[in-house]
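Here is how the chains run, residue by residue.
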Amino acid sequence: MSSEHLYHDGNSDVYLSVDKPKSKQEAPWKLITEIIKRSEAATWEEAKKEWNFQYAEFAPWYDPGTCLCGHKPIIELCHLANRYNHREVIVGNVCVTKFMDIAEDVKRIIPCLLRIKEKLSKSLNIETLELAIDSYLLTDWEAAFYWDTLGKRKLSLKQENVRKRINKKVLDSLVKQ
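Keep in mind that this is a model prediction, so the values were computed, not measured.

Thoughts on the packing of aromatic side chains
Line of reasoning, step 1. Within the structure shown, the criterion is met by 2 aromatic pairs.
Line of reasoning, step 2. On the numbers, 5.7 Å between centres and 90° between planes, the contact of W61 with Y62 is edge-to-face. Accessibility classification places W61 together with Y62 in one group, the exposed group.
Line of reasoning, step 3. Both rings, one in W141 and one in F145, keep their centres 5.5 Å apart while their planes meet at 15°; by these two values the pair is stacked. Taken together, the residues W141 and F145, both in helix α6 (residues 140–149) and 4 residues apart, mark about one turn of the helix.
Line of reasoning, step 4. Judged by relative accessible area, F145 falls into the buried class, the value being 10%.

Rendered as structure tokens:
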């Protein structure tokens, strides 16, 4: 059973009342501290709502990244931006799902982007398509085309070429090489 502790980040008058984890792992504590430092809000519950997923980056195996929590190496780098102060952070795919309100979508977006990167003719999933539309990456015609062909397994050659072009556009915007 865990007990409740007050947590102070050492740099401000921010105190968090949280259940301290059983393990001695400090990563979640460091992630909380770093996100609050870079947010406008002073509480964890409010601060985590300020952040939006921007794009994913897949680091090469010889040059992996480091998560904001300090964990390394990470290969799937999730770039997030604060909608109020425009600060940007990089977190790993595990940390992004631990604190983002969009965690469920991100859990499905990252594998979709990997799948599309491997085979351009594969279909985007609903979450990735909605992110592309919400981010104004697609024209109205491209969005309508994708919605019309989303469930289709067999496309004409022309439709497949259009899908590949749209997928490349989405990859180029959401995945940085």
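Next comes the rest of the account.
Re helix α5 (residues 126–134)
Turn by turn, an α-helix covers 3.6 residues, leaving residues three or four places apart pointing in a common direction.
Line of reasoning, step 1. Inspection of α5 places E127, T128, L129, L131 and A132 among the buried residues, and these make up the whole buried set.
Line of reasoning, step 2. Just downstream of α5 lies Y136, where phi reads positive at about 60°.

What to know about the confidence of the model for the protein chain
Line of reasoning, step 1. Looking at the protein chain, the pLDDT average stands at 80 and 79% of residues meet or exceed 70.
Line of reasoning, step 2. Put simply, strand β1 (residues 4–8) is where the protein chain has its lowest mean pLDDT, 41, and α6 is where it has its highest, 96.
Line of reasoning, step 3. Note on residues 1–26: pLDDT is under 50 here. Beyond four places in sequence and across chains, it has 38 contacts.

Structural notes on the packing of α6 against helix α7 (residues 157–174)
Line of reasoning, step 1. At a minimum axis distance of 11 Å, the contact between α6 and α7 shows a crossing angle of 120°. Accordingly, the angle class assigned to the pair α6 and α7 is oblique. For the pair α6 and α7, the sense of crossing is left-handed. For the pair α6 and α7, the contacting residues are W141, E142, F145, Y146 and T149 in the first and Q159, V162, R163, R165, I166, N167 and K169 in the second.
Line of reasoning, step 2. The residue makeup of the contact of α6 with α7, split by class, is 5 nonpolar, 3 polar and 4 charged.

So, the pattern of salt bridges
Line of reasoning, step 1. The final tally for this structure, using the stated rule, is 9 salt bridges.
Line of reasoning, step 2. Between K169 and E142 there is a salt bridge; the shortest N-O distance is 2.7 Å. Taken together, the residues span a long stretch of sequence, with K169 in helix α7 and E142 in helix α6 at a distance of 27 residues.
Line of reasoning, step 3. Residue K169 is classed as partly exposed on the basis of its relative accessible area of 29%.
Line of reasoning, step 4. Given the relative accessible area of 4%, E142 is considered buried.
Line of reasoning, step 5. D172 is paired through a salt bridge with K168; the nearest N and O atoms lie 3.0 Å apart. Taken together, the positions of D172 and K168, both in helix α7 and 4 residues apart, correspond to about one turn of that helix.
Line of reasoning, step 6. Since its relative accessible area comes to 45%, D172 is described here as partly exposed.
Line of reasoning, step 7. Exposure remark for K168: the relative accessible area of 43% places this residue in the partly exposed category.
Line of reasoning, step 8. Three or more residues are tied together by salt bridges with common partners; here these are E34, K37 and R38.

Focus: the pairing of strand β3 (residues 51–58)
Line of reasoning, step 1. In the sheet, β3 pairs with strand β4 (residues 76–82) via 7 bridges, with the strands oriented antiparallel. The residue bridging A56 from the neighbouring strand is C78, located in β4.
Line of reasoning, step 2. Here β3 runs beside strand β6 (residues 175–176); their pairing, made up of 2 bridges, is parallel. Residue A56 lies in a different strand from β6, and its bridge partner there is V175.

Calculation criteria
Residues numbered from 1 in each chain as written. Predicted model: local features only at pLDDT ≥ 70, side-chain atom pairs only at ≥ 80, totals over all residues. Heavy atoms only, no water. Phe/Tyr/Trp six-rings, centres within 6.5 Å; stacked < 30°, edge-to-face > 60°. Buried < 20%, exposed > 50% of the residue type's maximum accessible area, 1.4 Å probe, protein only. Helix = DSSP H or I, 4+ residues; strand = E, 2+ residues; numbered from the N terminus. pLDDT = per-residue confidence, 0-100. Contact = heavy atoms within 4.5 Å. Axes fitted to C-alpha atoms, helices over the stretch in contact; angles between N-to-C directions. Parallel < 35°, antiparallel > 145°, perpendicular 65-115°, else oblique. Left-handed = near helix turned anticlockwise from the far one by under 90°. Nonpolar A, V, L, I, M, F, W, Y, C, P; charged D, E, K, R; others polar. Salt bridge = Lys/Arg side-chain N within 4 Å of Asp/Glu carboxyl O. Pairing = 2+ DSSP bridges.

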